[in-house]
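# Examination of the molecular architecture
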Amino acid sequence: QVQLVESGGGLVQAGDSLRLSCAASGLTFGAYGMGWFRQTPGKDREFVAAITGSGGSTSYADSVKGRFTISRDNIKNTMYLQMNSLKPEDTAVYYCAQKPRKYSSAINPGEYRYWGQGTQVTVSS
């Protein structure tokens, strides 16, 4: 049974940093690409960042490029999202997800099979 569990969310002020973690179990973690998405009430789930199974390639939404860094530790079966210079518009529930097909689109949430329960990030101005 695949399980993804996010942690590290919280309430911070604009300009602060947070690091989110996504602990995975029940799958061969290093075999799959992974991604971070976020969602606010009434809006579609939005792509944030993605990383290949080996960690050798990453991609980011333009809105977070230069501020967020995605990484993974395939020994610990954990993925991370380091978020710096946070802005109020980064406020959302953040989800991690596993992408089963290697060459499918990383930005399309429909290409991801397993999802975590989400962790709330709130950035005050």
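Residues numbered from 1 in each chain as written. Predicted model: local features only at pLDDT ≥ 70, side-chain atom pairs only at ≥ 80, totals over all residues. Heavy atoms only, no water.

## Some thoughts on the overall build of the chain
For the chain, the count of helices and strands is zero helices and 11 strands. Secondary structure elements in the chain, listed N-terminal to C-terminal, are β-β-β-β-β-β-β-β-β-β-β. Here the chain has a C-alpha radius of gyration of 13 Å; the compact-globule value for 125 residues is 14 Å, and the two agree. Taken along its principal axes, the extent of the C-alpha atoms in the chain is 40 × 25 × 25 Å. Going through the 125 residues of the chain one by one, you find that 41% of them count as buried. Considering only contacts in the chain between residues 6 or more positions apart, those separated by 24 or more positions represent 56%. For the chain, the accessible surface area stands at approximately 6400 Å², while carbon and sulfur atoms represent 47% of it. (Helix = DSSP H or I, 4+ residues; strand = E, 2+ residues; numbered from the N terminus. Rg over C-alpha atoms; globule rule 2.2 N^0.38 Å. Buried < 20%, exposed > 50% of the residue type's maximum accessible area, 1.4 Å probe, protein only. Contact = heavy atoms within 4.5 Å. Areas by Shrake-Rupley, 256 points an atom, 1.4 Å probe, with all protein chains shown as cover.)

## Notes on the pairing of strand 9 (residues 92–99)
It is a general feature of regular strands that their side chains alternate between the two faces of the sheet. Counting buried positions along strand 9 yields seven of eight residues, so the element is predominantly enclosed. Direction of pairing for strand 4 (residues 33–39) relative to strand 9: antiparallel, over a ladder of seven bridges. Among the inter-strand pairings, Gly33 is bridged to a residue of strand 9, identified as Lys99. As judged from the three bridges shared by strand 9 and strand 11 (residues 119–124), these two strands associate in the antiparallel manner. When the bridges of strand 11 are listed, Val93 appears paired with Gln120. Across two bridges, the pairing between strand 9 and strand 10 (residues 114–115) is antiparallel. Bridging across to strand 10, Ala97 finds its partner in Trp115. (Pairing = 2+ DSSP bridges.)

## A closer look at the side chain of Arg67
Within the secondary structure, Arg67 sits in the loop between strand 6 (58–60) and strand 7 (68–73). The class of Arg67 is buried, set by a relative accessible area of 11%. Discounting residues that sit within four places of it in the chain, Arg67 has contacts with Gln82, Met83, Asn84, Ser85, Leu86, Lys87 and Asp90.

## Quick look at the nonpolar core
Residues Trp36, Met79, Leu81, Met83 and Tyr94 are the most contacted members of the largest nonpolar core, which totals 32 residues. Ranked by the residues each element gives to this core, the list is headed by strand 5 (residues 46–51), at five residues. Not counting chain neighbours up to four residues away, the residues in contact with Met83 comprise Asp16, Ser17, Leu18, Leu20, Arg67, Phe68, Tyr94 and Val121. (Core = buried A, V, L, I, M, F, W, Y, C linked by side-chain atoms within 4.5 Å.)

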